[in-house]
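Spelled out, the chains give:
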Amino acid sequence: MSDVIFRPMRPDDVPAAERLSAEGFYELDTRMTPPARPAPELRPASRSANWNIRTLHFLETDPGGCWVAEDDTGMVGMITSFNRELMWCLATYAVRPRLQGAGIGTGLLTAALHHGRGSLRGMLSSSSDPRAVRRYRLAGFSLHPQMFLTGTIDRSAIPMIDKVREGSAGDIELMDSIDRRARGAAHGPDHPVMLGFWRLVVSDTTTGSGYAYLDDAGRVQLLAATNRRTATRLLWAAVADAGDETTISHITAANEWAIDVGIAARLELHQEGYLALRNLRPPTPYLHNGALL
């Protein structure tokens, strides 16, 4: 292998970084997915566009957290991370499969962690890849197993849902307040990006507040609330709006209220990956996003 150079990511690096990330995760999914589950697919163009928008957003709001590694063949690794109110988050991290284990990943993570050295807390969503898990633990992160629920919804179990409304950019101040209470830091400039990707639903009553971003299939992409009753209401609203089949991802043991909803809806519970945290307990009531967390 030729000499590897680590440098800050530039906007013109984003398309190549997206393809490297897509290929890296496809290789990982192919290697780690059990035979009983559907075969992995390479990231489709529709998701690639959102990936590019999100990464350009990180470069605009916190460019020091985004790095690439390259040798004489081109880009061989990439990482995106960002700080939000003393919270450092790792968004995406990939090394070209044929070069894994050569120290490239360690160099990229070191650069990103150095950028986050001023933040008190850290948060990232990890796969079950033993090499990745080992690296995060050695970097000082606590590992909390993640679960997910999936299957065909029993619609007879869905309760009557009220006190949930459509959200808008006018709710960002409310959502930032909920974020600070649930995870210790607001999403701030990330909310306009998420509003461009997903539908927002909000519950704001005298007894509690919360919000959820839902994709076109009604799947939760992020959910935060001030109490479990509000979180449960929002999750049932998502289940009600989903198709016949759905998946609820990124559930930690601190969020058993979400497991209760899934079991009541007759979904199957599985375990995959870890929520890795530094100086932070698992947020609750909270279902994190894999990249924007």
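The structure contained in this document is the topic of the report that follows. (Residues numbered from 1 in each chain as written. Predicted model: local features only at pLDDT ≥ 70, side-chain atom pairs only at ≥ 80, totals over all residues. Heavy atoms only, no water.)

### Quick notes on the overall build of the protein chain
Point 1. A count of helices and strands for the protein chain gives eight helices and 13 strands.
Point 2. Relative to a compact globule of 293 residues, whose C-alpha radius of gyration would be 19 Å, the protein chain shows 19 Å and is just as compact.
Point 3. Taken over 293 residues, the protein chain has a buried fraction of 49%.
Point 4. For the protein chain, long-range pairs separated by at least 24 residues make up 73% of all intrachain contacts whose partners lie at least 6 apart in sequence.
Point 5. Surface exposure of the protein chain reaches about 13,400 Å², of which carbon and sulfur atoms provide 52%.
Point 6. Computed over 31 positive and 33 negative side-chain charges, the separation of the two mean positions in the protein chain equals 6 Å. (Helix = DSSP H or I, 4+ residues; strand = E, 2+ residues; numbered from the N terminus. Rg over C-alpha atoms; globule rule 2.2 N^0.38 Å. Buried < 20%, exposed > 50% of the residue type's maximum accessible area, 1.4 Å probe, protein only. Contact = heavy atoms within 4.5 Å. Areas by Shrake-Rupley, 256 points an atom, 1.4 Å probe, with all protein chains shown as cover. Lys, Arg positive; Asp, Glu negative; His and termini not counted. Charge placed at Lys NZ, Arg CZ, Asp CG, Glu CD.)

### Here we look at the environment of leucine 195
Point 1. Within the secondary structure, leucine 195 is located in helix α6 (residues 190-197).
Point 2. Sequence separation between leucine 195 and leucine 275 is 80 residues, and the spatial gap between their C-alpha atoms is 24 Å.
Point 3. Apart from the residues lying within four places of it in its own chain, the contact partners of leucine 195 are Ser168, Ala169, Ile172, Leu200 and Tyr213.

### Focus: α6
Point 1. The set of residues buried in α6 consists of Asp190, His191, Val193, Met194 and Phe197. The buried residues of α6 occupy one face: seen down the axis, they fall within an arc of 160 degrees.
Point 2. As for α6, its buried residues are in contact with α2 (45-61), β3 (74-84), α5 (172-183), β9 (208-214) and β10 (220-225). (Arc of directions from axis to C-beta.)

### Topic: the nonpolar core
Side chains that are nonpolar tend, in soluble globular proteins, to be buried together.
Point 1. Counting 39 residues, the largest nonpolar core has Met9, Met78, Met123, Tyr211 and Tyr213 as the members making the most contacts within it.
Point 2. Formed by 26 residues, the second largest nonpolar core is a distinct cluster that contains Ala231, Ile259, Val261 and Ala265. (Core = buried A, V, L, I, M, F, W, Y, C linked by side-chain atoms within 4.5 Å.)

### Examining the packing of aromatic side chains
Point 1. Throughout the structure, instances matching the rule amount to six aromatic pairs.
Point 2. A centroid spacing of 6.3 Å and a plane angle of 50 degrees characterise the contact between tyrosine 93 and tyrosine 136, whose relative ring orientation is tilted. Of this pair, tyrosine 93 sits in strand β4 (residues 87-95) while tyrosine 136 sits in helix α4 (residues 130-138), and the two are 43 residues apart along the sequence.
Point 3. The class of tyrosine 93 is buried, set by a relative accessible area of 14%.
Point 4. With centroids separated by 5.7 Å and ring planes inclined at 80 degrees, the aromatic side chains of tyrosine 211 and tyrosine 213 adopt a geometry described as edge-to-face. A single burial state applies to tyrosine 211 and to tyrosine 213, both of which are buried.
Point 5. Linked through ring pairs, Phe197, Trp198, Tyr211 and Tyr213 together constitute an aromatic cluster. (Phe/Tyr/Trp six-rings, centres within 6.5 Å; stacked < 30°, edge-to-face > 60°.)

### Examining the sheet that holds strand β13 (residues 286-287)
Point 1. Spatially, the five strands line up as an open sheet ordered β7-β8-β9-β10-β13, and their pairing is antiparallel. Pairing within the sheet leaves two strands with one partner each, and these edge strands are β7 (165-166) and β13.
Point 2. Each of β8 (199-205), β9, β10 and β13 is contacted by α5, which is oriented at about 100 degrees to β9, the strand it contacts most.
Point 3. Packing against the sheet, helix α7 (residues 228-241) makes contact with β8, β9, β10 and β13, and its axis sits at approximately 155 degrees to β10. (Pairing = 2+ DSSP bridges. Axes fitted to C-alpha atoms, helices over the stretch in contact; angles between N-to-C directions.)

### Focus on empty space enclosed by the protein
Point 1. Inspection of every chain in the model, using the stated rule, returns one cavity of 30 Å³ or more.
Point 2. The volume enclosed by the largest cavity comes to roughly 40 Å³.
Point 3. Lining the largest cavity, in full, are Gly218, Arg219, Val220, Leu235, Ala238, Val239, Ala242, Thr246, Thr247 and Ile248.
Point 4. Taken together, the elements giving at least two residues each to the lining of the largest cavity come down to α7 and β11 (245-251). (1 Å grid on protein atoms, 1.4 Å probe; cavity = no way out; pocket = protein on both sides within 12 Å on 5 of 7 lines; lining within 4 Å. Points joined across faces, edges and corners; volume = space filled by probe spheres on them.)

### Topic: the sheet that holds strand β1 (residues 5-8)
Point 1. Across the sheet, which stays open at both edges, the eight strands sit in the order β1-β2-β3-β4-β5-β12-β6-β11 with mixed pairing between neighbours. Only two strands of the sheet have a single neighbouring strand rather than two, namely β1 and β11. Direction aside, the axes of adjacent strands within the sheet are offset by 20 degrees on average.
Point 2. Packing against the sheet, helix α1 (residues 14-32) makes contact with β3 and β4, and its axis sits at approximately 95 degrees to β3.

### Digging into helix α8 (residues 256-264)
Point 1. Buried residues of α8: Trp257, Ala258, Ile259, Val261 and Gly262, and no others.
Point 2. Buried residues along α8 sit in contact with β6 (142-152), β10, α7, β11, β12 (268-278) and β13.
Point 3. Downstream of α8 by one or two residues, arginine 266 has phi in the positive range, about 70 degrees.

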